[in-house]
Amino acid sequence: MGAKTGLWGGDAFVKILTGNDLASGDVIWWAGDGWSRQVSDAADVGAHGDDLARAEEAALRVVGAYVIDATLGEDGVRPAHIKDRIRAFGPTVRPDLIEQPTEADIGKWVI
Amino acid sequence: MYRYDSYDQAIVDARVEEFRDQTQRRLTGALTEDQFKPLRLMNGLYLQLHAYMLRVAIPYGTLSGKQMRKLGEIAGKYDKGYGHFTTRQNLQYNWIKLADAPDILAELATVEMHAIQTSGNCIRNISSDQYAGVSADEVADPRPWAELLRQWSSFHPEFTYLPRKFKIAVIASDDDRAAMRLHDIGLKLVERDGVVGAEVYAGGGMGRTPMVAPLIRDFIAEDEIISYLEACLRVYNRYGRRDNKYKARIKILVHEIGVEEYKRQVEEEFAHMRELGLNPPVEELARIRAFFAAPAYESGLSDDIDRSNPAFALWVDRQVAAHKAPGYAIVNISLKPIDGIPGDASAEQIGLVADLAEAYSFDELRVTHAQNLVLPHVKKADLYAIWQKLVAAGLAEANLDLITDIIACPGLDYCALANARSIPLAQKIAARFAAAERQAEIGELKLKISGCINACGHHHAGHIGILGVDRRGVENFQLLLGGSGAEDASLGQITGPGFSEDGVVDAIEKVTDIYLAERESGERFLDTYRRIGMKPFKEAIYG
Ligand code: HEM
Ligand code: SF4
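Here is a short report on the structure shown in this document. This one's a predicted model, so the numbers in the text were calculated from it and none came from an experiment. (Residues numbered from 1 in each chain as written. Chains lettered and ligands numbered in written order. Predicted model: local features only at pLDDT ≥ 70, side-chain atom pairs only at ≥ 80, totals over all residues. Heavy atoms only, no water.)

Quick word on the coordination of the iron atom of ligand 1
Four donors placed tetrahedrally about a metal ideally form angles of 109.5 degrees, and six donors placed octahedrally ideally form angles of 90 or 180 degrees. Selection criterion: Donor criterion used throughout: N, O or S atom within 2.8 Å of the metal, extended to 3.2 Å for Na, K and Ca. Water excluded; incomplete-looking sites may result. Numbering of helices and strands runs from the N terminus; a helix is a DSSP stretch of H or I covering at least four residues, while a strand is a stretch of E covering at least two.
Just one protein ligand coordinates the iron atom of ligand 1, and it is Cys456(B) (SG) at 2.2 Å. If you trace the backbone, Cys456(B) turns up in the loop between strand 17 (447-450) and strand 18 (464-471).

Some thoughts on the site of ligand 1
All names here are of chain B. The test is simple: One heavy atom within 4 Å of a molecule or strand makes the whole residue count as near it. Pairs of N or O atoms are called polar contacts if they sit within 3.5 Å, as long as, within protein, a hydrogen donor faces a hydrogen acceptor (for residues adjacent in sequence, only side-chain-to-side-chain pairs). By the convention adopted, Pro, Cys, Tyr, Trp, Phe, Met, Ile, Leu, Val and Ala count as nonpolar, Lys, Arg, Asp and Glu as charged, and the other residues, Gly among them, as polar.
Around ligand 1 there are 23 residues in total, and Thr86, Thr87, Lys165, Arg249 and Cys456 lie nearest to it. Between ligand 1 and Met206 there is a distance of 3.1 Å, counted from an oxygen atom to a backbone nitrogen or oxygen. Broken down by class, the residue content of the shell around ligand 1 amounts to eight nonpolar, nine polar and six charged.

Looking at a nonpolar patch on the surface
Inclusion rule: Patches in this entry comprise residues that are over 30% relatively accessible and not in a salt bridge; like charges within 9 Å are linked, as are nonpolar side chains (Val, Leu, Ile, Met, Phe, Trp, Tyr) within 5 Å. Areas reported here follow the Shrake-Rupley algorithm with a probe of radius 1.4 Å; residue values treat only the protein chains shown as occluding. Any Lys or Arg side-chain nitrogen found within 4 Å of a carboxyl oxygen on Asp or Glu counts as a salt bridge.
On the surface, a nonpolar cluster with roughly 330 Å² of combined accessible area is contributed by Tyr7(B), Ile11(B) and Phe155(B). Structurally, Tyr7(B) can be placed in helix 1 (residues 6-27).

As for the nonpolar core
Among soluble globular proteins, nonpolar side chains are generally buried collectively. Residues and elements named next belong to chain B. Definition in use: Only buried residues count toward a nonpolar core, which is a set of Ala, Val, Leu, Ile, Met, Phe, Trp, Tyr and Cys residues joined through side-chain atoms within 4.5 Å. For each residue, the accessible area found with a 1.4 Å probe, counting protein chains only, is set against the maximum for its type, and the residue is called buried under 20%, exposed over 50%, and partly exposed in between. By the convention used here, residues are in contact when the closest approach between their heavy atoms is within 4.5 Å.
If you look at the biggest cluster of nonpolar residues, it comprises 104 residues, and the most contacted ones within it are Met68, Leu71, Phe85, Ile185, Tyr262, Trp315 and Leu375. At nine residues, the largest contribution of residues to this core is made by helix 6 (residues 225-239). When neighbours within four sequence positions are excluded, Tyr262 is seen to be in contact with Ala202, Ile216, Cys232, Val235, Ile250, Leu253, Val254 and Ile257.

Thoughts on the side chain of His463(B)
Note on placement: His463(B) falls in the loop between strand 17 and strand 18. Dropping the residues within four chain positions of it, His463(B) is found in contact with Glu444(B), Leu445(B), Lys446(B), Leu480(B), Leu481(B), Gly482(B), Gly483(B), Arg524(B), Phe525(B) and Leu526(B).

Here we look at the site of ligand 2
The environment of ligand 2 is made up of Cys409(B), Pro410(B), Gly411(B), Cys415(B), Leu417(B), Ala418(B), Ser450(B), Gly451(B), Cys452(B), Asn454(B), Ala455(B) and Cys456(B). Taken together, the residues that form the shell around ligand 2 break down as eight nonpolar, four polar and no charged.

What about the packing of helix 1 of chain B against helix 4 (residues 101-110) of chain B?
All names here are of chain B. Operational definition: Interaxial angles span 0 to 180 degrees and are taken between N-to-C directions of axes, which are lines fitted to C-alpha atoms, for helices over the stretch in contact. By definition in this entry, angles of less than 35 degrees are roughly parallel, angles greater than 145 are roughly antiparallel, angles of 65 to 115 are roughly perpendicular, and the rest are oblique.
The contact between helix 1 and helix 4 brings their axes to 9 Å, and the two run at 170°. With respect to helix 4, the element helix 1 is oriented roughly antiparallel. Contacts between helix 1 and helix 4 pair Gln9, Val12, Asp13, Val16, Phe19, Arg20 and Thr23 from the former with Ala101, Pro102, Asp103, Leu105, Ala106 and Ala109 from the latter. Split into classes, the residues belonging to the contact of helix 1 with helix 4 amount to eight nonpolar, two polar and three charged.

Here we look at the sheet that holds strand 3 (residues 62-64) of chain B
All names here are of chain B. Quick note on the threshold: Strand pairing follows a simple DSSP-based rule, namely that at least 2 bridges must link the two strands.
Across the sheet, which stays open at both edges, the five strands sit in the order 3-14-15-12-11 with antiparallel pairing between neighbours. Edge strands, defined here as strands with exactly one partner in the open sheet, are strand 3 and strand 11 (320-322). Sheet twist, expressed as the average angle between the axes of neighbouring strands with direction ignored, equals 30°. Where strand 12 (residues 328-333) lies against strand 15 (residues 373-379), five bridges are found, and the strand directions are antiparallel. Among the inter-strand pairings, Asn332 is bridged to a residue of strand 15, identified as Val374. Along the sheet, helix 10 (residues 310-319) makes contact with strand 11 and strand 12, crossing strand 12 at roughly 95°.

Some words on the sheet that holds strand 13 (residues 344-346) of chain B
Residue and element names in this part refer to chain B. Read from one edge of the open sheet, five strands run 1-2-5-4-13, paired in antiparallel fashion. The sheet is open, and its two edges are formed by strand 1 (45-47) and strand 13, each paired on a single side. Strand-to-strand twist across the sheet, computed as the mean angle between neighbouring axes with direction ignored, equals 30°. In the packing of helix 11 (residues 347-360) onto the sheet, the strands contacted are strand 4 (82-85) and strand 13, and the crossing angle to strand 13 comes to about 85°.

Describing the interface of chain A and chain B
Here is the rule: The term buried area refers to how much accessible surface (probe radius 1.4 Å) is lost by two components on association, counted for both of them together.
The interface is formed by 23 residues belonging to chain A together with 32 residues belonging to chain B. Between chain A and chain B, a total of about 2,100 Å² is buried, with carbon and sulfur atoms accounting for 63% of that surface. The largest share of the area that chain A buries against chain B comes from Leu22(A), Lys83(A) and Val93(A), three residues that together contribute 24% of it. Linking chain A with chain B are zero salt bridges, by the criterion used here. Applying the counting rule to chain A against chain B returns seven residue pairs in polar contact (both at pLDDT 80 or more). In terms of residue count, helix 2 (residues 82-89) of chain A provides more of the side of chain A that touches chain B than any other element does, four residues in total. Tallied by class, residues from the side of chain A that touches chain B come to twelve nonpolar, six polar and five charged.

Structural data, given as structure tokens:
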């Protein structure tokens, strides 16, 4: 955080794929070759997100998969919408519950 | 308390096994999500922001110690050690694994609980007054009727696919502690010429089109309540707006055709129902009522309370309410500690309250629509011992109906439909007004927050209400003043442009300052607002 170049300015816009693990319900992110519980592993799915989502749902690895906008910068992947950042981080009022992404200042990362 | 008979138990057990099979078929791919979703929703299982969420019904808000203990055990064993008590007298678990859901339902069934009809377009959990059976001013205990309605509405084949969800509340006092007139149907038990019956209100609700339910019948005798409701539901089922989800609630129907026309159609249907003889036998109501007989109160108890400990005295003054039996009291347990999450309780806290109910309250407790808990039958002589245990468990906040006793929906921290986070805002407001003297000075002030227009946090009915909106991807909050969910029900009015999270806390402070400056003796915030109107508040906030 705190990059002097402007918070997320100049970052690349990417599409990433997220959903919930079918059996556990955990929030998961498509990492290119499988699913990860860390948003920092999320891979750019380009224009293939929807096809991938349907295939992975059919393979029972994910439920409710959907493609979202994100930015990719020196601080890693950051979902564009606060809702997906809260999904990535967990409830902002219970940070104790969740494995956190690697950013140091997670509060600023979410809001 | 009501106990399941063999039919109740068999139905619930069969339902668990059915869901176990459905879940298995989902996990092995025999069912797609499109096929499975309506099945899991019928069993209270949602897919929420972070995980599956299970909503468990607490019928009319009454629980035994054993049931409460089970809720705590499930929170510890299958969830992350806590549960969330909601404005609909339900409990939500936020971190459920699909594979565990059948086992959880099986555990609930062992204590006569379930999650059936906690979702979907059916008649939902019947809500009631948390002081039912113990307040001095009630006409009768409303819970036998609530239980009768539960049995009638459970798996009612005609009302399983209504145009939209349907919520019923039953009360029996002039003080409305259940937001009765903000339900699709509200019943208020009354007595006329020695006969108990009900006033019937229909077409209330919150959400995007809030309405206070109008009275549609000023008396229906108790033995005809079921067939009258059957008629109300039939008219709604036939003419409710199935074409538009946002116009499908009964409130829209009543509003669009008009109260008089709705009443006329209901009466016509009712005349027809009467001929069919569909009312349950009076013996059934008598059978149910026997379960709610008052416990064996001891006589000759003292009403004295030793108030020498000031913190205890403060808690007694705020949290303890009058009980109808001499020597007894009603204890309200706050789930609103200043830095806590409104309505959340840890597995340990839930277990402790279960113990207290067993040891001190004839094995009974209640949950309230304001997201608090109640021990309904406590000896005054035991208050101090109870208080000490609550203090040790972080449950002794003395803020009932004060500005920090905030109702807040889960908001964007948990809910996939949310625009904004409700809980952090509730925490900021509570922190700002934390000082006990300041809260006492302000007096009764019901503050309610929803994270979106669906109004799960009853913001329309708050003396001060807050609604989270999305302003180009940024959380924003609208402020409403003048709502009430009580017997003086009214809907709050929006003050004007919305605020940031910190901005809304400042605005509330300005609002309470105006109230303190303008109030006349004996006035609550709501009374002052109703007397002086919106203008002075608006000027203070935006001026
Ligand atoms: C997190 C999962 C939840 C979802 C998806 C959800 C969804 C909704 C929706 C869509 C409505 C509007 C229905 C309509 O107007 O037709 C609604 C209303 C409501 N919900 Fe929730 N809700 C959730 C949690 C809660 C919680 C936690 C509470 C209690 C704190 C609650 C209590 C209510 C109440 C009281 C209403 C207003 C009923 C009315 O419109 O008359 N809900 N909910
Ligand atoms: S009011 Fe909106 S944000 Fe709050 S729980 Fe209901 S649906 Fe979710």
